[in-house]
Amino acid sequence: MTNADESKSVEKRLSDDIQVLEAEVAEKTLRREKVMQAIRDLRDAEDPKKRIFHHTEIFELQQEKLRLDVEIKFRTNKINRINLGIEDMDSGSGLKDGFLF
């Protein structure tokens, strides 16, 4: 797989506009709170005595929460890089320069 193919397979590139990124963080944070509430509701609705379990739904919602955490972190880091004036590095530039990180 070439770099061009890799770039095409990546979701959509993050915006360089801080306001857009902040709006996305706010939207994803709100979605994350709703997912966490749904997890709490499902846990409260479980009743082992009546054999009522929602383990599959809870697991899927926990995965969604983790995905949202990562997306929020990516956007927050992007905002920080923009504020600090750090340009994006392509994935191989560190190796070309002799540094792994």
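In what follows, the accompanying structure is described. (Residues numbered from 1 in each chain as written. Predicted model: local features only at pLDDT ≥ 70, side-chain atom pairs only at ≥ 80, totals over all residues. Heavy atoms only, no water.)

**As for helix 3 (residues 55-84)**
Short version of the rule: Here a strand is any run of E in DSSP of at least two residues, a helix any run of H or I of at least four, and the numbering for each starts at the N terminus. One fewer than the residue count of a helix, multiplied by 1.5 Å, yields its expected span. Only protein chains enter the accessibility calculation, which uses a 1.4 Å probe; a residue whose area is less than 20% of its type maximum is buried, one above 50% is exposed, and one in between is partly exposed.
The end-to-end C-alpha separation of helix 3 is 43 Å, in line with the 44 Å expected for 30 residues at 1.5 Å each. Those residues of helix 3 that sit buried are Ile58, Leu61, Glu64, Leu68, Glu71, Ile72, Arg75, Lys78 and Ile79. Positioned one or two residues after helix 3, glycine 85 has a phi angle of 80 degrees, which is positive.

**A few points about unusual backbone geometry**
One non-glycine residue with positive phi stands out, namely arginine 51, at about 60 degrees. Secondary-structure assignment places arginine 51 in the loop between helix 2 (18-45) and helix 3. Among the residues examined, arginine 51 registers a relative accessible area of 70% and is labelled exposed.

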